[in-house]
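Analysis of the macromolecular model
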Amino acid sequence: MAAIVPMFSAVASSTRHILLLLRCISFAKKALVRISAEGLRFSTDEGSSIEAFVFLDKALFTSYTYHAPEPASSQDDPPEPPFFEIDLQSLLETLNIFSLSDLTSSTRSGGYDDFAAHRLNRHAGMNAFTNHAMGVTGVCNFSYNGEGGALSIHMFESGVTTTCDLTTYEADTVEDIPFNRDSLSVKTIMRAKFLLEAVTELNSVNPASMTVFASPGSASKPNLSLSAIGALGTAAIDFTTATSSETPVLESLYCPTETSASYPFAALKAAQRAMASATKVSLRLDDEGVLSLQFLIELEVGSSDGSGAVAFVDFRIVPLVDDEGAREHGGESTSE
Amino acid sequence: MRFRAEIRNVSTLTKFTASLASIGHIAWVRLDDKDVRFTVIPEQGTQVWSVISPNTIFQDWTIQSAAPNNTINLEVPLAPLQRALRSAQNAVAANIRLTKKDNIPLLSLTITTMAMHSSQQPTSSLSDRDNHFSGNGRAPSTNGANDTSSAFREASVDFFGPKADREIVITQDIPIRVLAPATVEGLHEPRCREPDVHIVLPNLNQLKGISERYTKLGMTTSNPRTPRNNSGIAKGAKLELSANMHGCLRLSLKTDAMGISSLWTGLENPELDSTQLAEGEDGLANHPSTRMKELGDASGQGEEGWATVRIEGRDWGRVLSVGRLGGRVIACFCDEHALILYVFLPEEDEREGGGGESVLTYYINSYSV
């Protein structure tokens, strides 16, 4: 029999980063987990119209060990790295127990916080630093023994030892939403808070969908426009690159020709937490109109480490095929 | 019947009332020569029976009734009592008495507060005003100006209304019912067999925080195990609480999506006082907890030696709110049957403390699997 060495084990001195990143994709109940030598990949999806994923690099952990599973015999191909489904809400609540001393963790989870969450998450850094500065050590251990086994989390803090075994469910291989990064129709980078403000503003008319319109820019057309029509009215937020400001809202824009597409508004709401936690967002449309939002999240990893670590949270949203809302670029006529 | 007392410690009484109000809406209050008892028996869930040494909350109290030991039994609604005590938060003095108005029996709370801070020195704004009126351009630091300004200050006090030291007297009436002896005769403290394990609980605020997370965990997942009442509505997560005679306490929860447990070690198991037991020394030897001591160990690993109860998460959270009072809490576990918590209020005033300890006793039923 093989020696009992866990296939995967990692130690984190603070679950704050993990909680922050996982919360960004927590619009779904279950998450798909993929373990590799480089880190952990968590992904969530809602139907096949929206998908989000975050990669927790092994550098975020104090220690990280992964033993790839052995093939059954030398002739076989090495088996796939493990992937399974877990209940994401249970994982978040469990990690919450660990950061009980962290005031931020007691906020409502599951709702879509906006600015409030952003501010709270910003202040989370100070609490964690205080803990470290005072030499208060808490330890959080993750481990996974292999197919069928539970994902175990073992935490010790303030005199209490907590052990959690998360049931791992078999996952169907889900095709990622394809995104053609080599064939973009729009790419822009802006500070995440502007996107958050825009979405919050659009939300006030209670819309079913949001339309993204982009153009190279002219007197009559904005470079980027986010608009929505709802029962309570219409709203549009226009962005332009024509500004003398040193810090333009659209830090960069690539848009060779006019294009637009619409997306279910619920998908944008699902990304609100990520918008609130991120510093910057890269918004891209590919030639099929698939929207990719890539959020850059700054993590304050330890005061000794001069460079702050960052992590990325990605959202992919499939456009609505609707002859009213969308005019797809690329000459493909909408079939009707 | 008469009852009148000055409230010694409004803050303690407020926290105490809040803890009771978490359990139920109405309290049976029993007053007599020796002590004050508050009992809350809700329709469902945990009961609390408390005995308070009068000196903990009252001073200068008088009680008189036709019953033996001057016993008075009242039914007191807790929300109005809480509201009344809120007015007394910053009181200089507060007293409570049993009275009747328009033939309705009441507990009447008379609260004296100060309107604003009293100060001995004239405030700068007053002296500015004085200078303006008296017309002298001198700063009010010289004696001459002070005499003038204090005369003016008194005048200005009359003119502008009282600025310093103003007493406000607030009366809060709490409607109550006087209970006949027959009504309360049937109420008895729940009896339970000798507990298997008794242990001092860790910091209640920490325990409450973690328990609340467990309660949330038990409800988050579409957990088919979440018990439902007759209408099919989820009643609340059942947490499993266990302890052993080696200082270990364990809280666990199992759902389909996960199994989680938290372990405290190094807690104190208080020694039983054999004089308190029915059979004295023999009773001690045969006591269930003595036998439990032989099982399990201080590491908390292993399945032996645990006494377990299953409690409803939200009910448990409400019980734990008694942590706001501070004090030592001893938990007595009757395996698979019941949990009894003894909360000993901290004695604040040593010289008055002699004669009585204040204890709240919570009786919590265990759910079967």
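Each chain has its residues counted from 1, running along the sequence as written. Written order decides the labels, with chains lettered from A and ligands numbered from 1. Predicted model: local features are reported for residues with pLDDT of at least 70 only, side-chain atom pairs are reported and counted for 80 or more only, and whole-chain, interface and lining totals are derived from all residues. Hydrogens and water are ignored here; the side-chain numbers use all heavy atoms of the structure.

**A look at the overall build of chain A**
Within chain A, the regular secondary structure consists of six helices and 18 strands. Residues counted as buried form 46% of the 336 residues belonging to chain A. The contact criterion used throughout is that any non-hydrogen atoms of two residues lie within 4.5 Å. Contacts in chain A between residues at least 24 apart in sequence constitute 68% of all its contacts with a sequence separation of at least 6. In the form shown here, chain A has an accessible surface area of approximately 16100 Å², with 52% of it arising from carbon and sulfur atoms. For helices the rule is a DSSP run of H or I covering at least 4 residues; for strands it is a run of E covering at least 2, with both sets numbered from the N terminus onward. Only protein chains enter the accessibility calculation, which uses a 1.4 Å probe. A residue is then buried if its area is under 20% of the maximum for its type, exposed if over 50%, and partly exposed in between. For accessible areas, the Shrake-Rupley method is used with a probe of radius 1.4 Å. Any residue's cover is judged against the shown protein chains and nothing else.

**A closer look at the interface of chain B and chain A**
Where interface size is given, it is often the accessible area lost as the parts come together that is meant. Taken together, the contacts link 20 residues of chain B with 24 residues of chain A. Buried area: the accessible surface (1.4 Å probe) lost by two parts on joining, summed over both. It is Arg213(B), Ala257(B) and Met258(B) that lose the most area in chain B upon contact with chain A, and together they represent 31% of the buried surface on that side. Salt bridge, as applied in this entry: a Lys or Arg side-chain nitrogen positioned within 4 Å of an Asp or Glu carboxyl oxygen. Inspection of the chain B/chain A interface yields two salt bridges. Pairs of N or O atoms within 3.5 Å make up the polar contacts considered here, provided that, within protein, one atom can donate a hydrogen while the other can accept it, and that residues adjacent in sequence are counted only when both atoms are side-chain atoms. Here chain B is connected to chain A by nine residue pairs in polar contact (both at pLDDT 80 or more). Going through the elements one at a time, α7 (204-220) and β14 (258-264) of chain B are the ones with two or more residues in the side of chain B that touches chain A.

**A short note on the packing of aromatic side chains**
Stacked, edge-to-face and tilted labels apply to pairs of Phe, Tyr and Trp rings (six-membered ring for Trp) whose centres lie within 6.5 Å, assigned for plane angles under 30 degrees, over 60, and everything in between, in that order. Under the definition given, this model contains eleven aromatic pairs over all chains. Ring centres of Phe58(B) and Trp61(B) lie 6.2 Å apart, and the angle between their planes is 35°; this geometry places the pair in the tilted category. Grouping aromatic residues by their ring pairs yields a cluster made of Phe8(A), Phe61(A), Tyr64(A) and Phe142(A). Definition used: whenever NZ (Lys) or CZ (Arg) falls within 6 Å of the ring centre and also within 35 degrees of the ring normal, the charge is taken to sit over that ring. Against the face of Phe83(A) rests Arg34(A), its NZ or CZ located 5.4 Å from the ring centre. Across from the ring centre of Phe53(A), 4.3 Å away, lies the NZ or CZ of Arg41(A), which sits over that ring.

**Quick notes on the side chain of Thr188(A)**
Residues and elements named next belong to chain A. Locating Thr188 in the fold gives a position in strand β10 (residues 184-191). By relative accessible area, which is 0% here, Thr188 ends up buried. Side-chain polar atoms of Thr188 contact the backbone oxygen of Ser252, separated by 2.8 Å. What Thr188 contacts, discounting residues up to four positions off in sequence, is Leu224, Leu250, Ser252, Leu253, Val281, Ser282 and Leu283.

**Re the pairing of strand β7 (residues 139-144) of chain A**
All names here are of chain A. Here β7 shows a buried face lined by Cys140, Phe142 and Tyr144 and an unburied face lined by Val139, Asn141 and Ser143. Two strands make a pair as long as DSSP finds a minimum of two bridges between them. The pairing of strand β1 (residues 8-12) with β7 spans five bridges and is classified as antiparallel. Across the sheet, residue Ala10 finds its bridge partner in β7, namely Phe142. The turn joining β7 and strand β8 (residues 151-157), which pair antiparallel and follow one another in sequence, is formed by six residues; a positive phi near 125° is taken by Gly146.

**Here we look at the sheet that holds strand β5 (residues 58-64) of chain B**
As a general point, the strands of a sheet are linked pairwise by backbone hydrogen bonds and lie either parallel or antiparallel. Residues and elements named next belong to chain B. Overall, antiparallel pairing links the five strands, which are arranged β5-β1-β7-β8-β9 in an open sheet. This sheet does not close on itself; its edge strands, each paired only once, are β5 and β9 (167-175). Averaged over all adjacent pairs, the angle separating strand axes in this sheet is 15°, with direction ignored. Where strand β1 (residues 2-7) and β5 come together, five bridges link them in antiparallel fashion. Counterpart to Ile7 in the pairing with β5 is Phe58. Lines fitted to C-alpha atoms define the axes here, with helix axes fitted over just the stretch in contact, and angles between the N-to-C directions of these axes take values from 0 to 180 degrees.

Note that all results are geometric; they support no functional claim without further evidence.
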